[in-house]
Amino acid sequence: TPEKRGQAPHDHSERAAYGASMREFHGAATAFSDAIPEAIFDVITDIENLPDWNAAIESIVAAPNVLTAGSEWVVVIHPKGFPKWNSRSIVHEINRDALRFVYRSQSDGANPSFLRWSWVISAADGGAQVVVSWEANPKTFWRRVLFAPYLRRPQLNKEVPASLDAINRLV
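If you're wondering where the values come from, they're calculated on a predicted model, not measured in any experiment.

### Notes on the overall build of the protein chain
A count of helical and extended segments in the protein chain gives three helices and eight strands. The N-to-C order of helical and strand elements in the protein chain reads β-β-α-α-β-β-β-β-β-β-α. Contacts in the protein chain between residues far apart in sequence, at least 24 positions, make up 47% of those at least 6 positions apart.

Laid out in structure tokens, this is it:
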């Protein structure tokens with residue numbers, strides 16, 4: 001339904017006060033589409049086409065031929081107003097029957113900080129409901145104190161709903 005579209009993400013990270021070191025933060029966003037759930041699942045698991053719906057992804061560096069548990073891919077992340085970096089993702093779960101896709105992403109380098117992403121798609125209102133959630137785990141000092149609370153968390157709260165809108169336009 002139109003009134004359900006464009007819902008703001010649910011940010012469960014308010015427990016971590018600004019100015020404090022963040023050990024982790026969580027967020028989620030939900031979108032509804034008139035498309036069939038399997039079509040949406042196919043879009044989000046088509047690694048080669050990530051830049052088509054995720055504006056923060058500039059390009060694909062490496063992608064697997066087949067996406068299975070353990071598969072990895074590398075993208076160039078370039079959010080508006082920020083420098084670019086390579087990000088490596090590894091699939092934890094991909095289940096088209098259950099319409100569930102879970103993976104972990106992190107800078108392609110020595111930094112141990114990471115995000116765990118979970119996508120769940122279900123039939124709803126003659127179309128589909130898409131729920132994407134994330135758990136960020138900043139591990140280094142600067143990521144916990146500065147980047148997570150003041151940059152990455154607000155950035156994700158804007159980027160994820162925009163990506164969900166773009167996916168809806170693609171299907």
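### Remarks on the environment of Leu99
Relative to the helices and strands, Leu99 is located in the loop between β5 (85-95) and β6 (100-107). Classification of Leu99 as buried rests on a relative accessible area of 7%. In this structure the C-alpha to C-alpha distance between Leu99 and Ala123, which are 24 residues apart in sequence, comes to 9.9 Å. Ignoring sequence-local partners within four residues, the contact set of Leu99 consists of Pro37, Glu38, Phe41, Trp119, Val120 and Ile121.

### Focus: the nonpolar core
Counting residues in each nonpolar core, the largest one holds 36 residues, and the members touching the most others are Trp73, Phe101, Trp117, Trp119 and Leu164. For this core, the leading source of residues is helix α3 (residues 141-170), giving six residues. If we ignore the near neighbours within four places in the chain, the residues touching Trp73 are Ile47, Leu50, Ala62, Ala63, Pro64, Leu67, Ser87, Arg88, Ser89, Val91, Phe101 and Tyr103.

### Considering unusual backbone geometry
Across the chain, the bulk of peptide bonds are trans and the bulk of non-glycine residues have phi less than zero. With a phi angle near 55°, Leu99 is a residue other than glycine that sits in the positive phi range. Phi is positive for Asp125, close to 50°, though the residue is something other than glycine. Along the chain, Asp125 falls in the loop between β7 (114-124) and β8 (127-137).

### Quick word on the pairing of β8
On a regular strand, one side chain projects to one face of the sheet and the next to the other, so that they alternate. Where strand β2 (residues 25-33) lies against β8, nine bridges are found, and the strand directions are antiparallel. Its bridge partner being in β8, Phe25 is matched across the sheet by Ala136. The pairing of β7 with β8 spans eleven bridges and is antiparallel. Residue pairing in the sheet places Val120 in a bridge with Val131 of β8. Adjacent in sequence and paired antiparallel, β7 and β8 are bridged by two residues, among which Asp125 carries a positive phi angle near 50°.

Calculation notes
- Residues numbered from 1 in each chain as written.
- Predicted model: local features only at pLDDT ≥ 70, side-chain atom pairs only at ≥ 80, totals over all residues.
- Heavy atoms only, no water.
- Helix = DSSP H or I, 4+ residues; strand = E, 2+ residues; numbered from the N terminus.
- Contact = heavy atoms within 4.5 Å.
- Buried < 20%, exposed > 50% of the residue type's maximum accessible area, 1.4 Å probe, protein only.
- Core = buried A, V, L, I, M, F, W, Y, C linked by side-chain atoms within 4.5 Å.
- Pairing = 2+ DSSP bridges.

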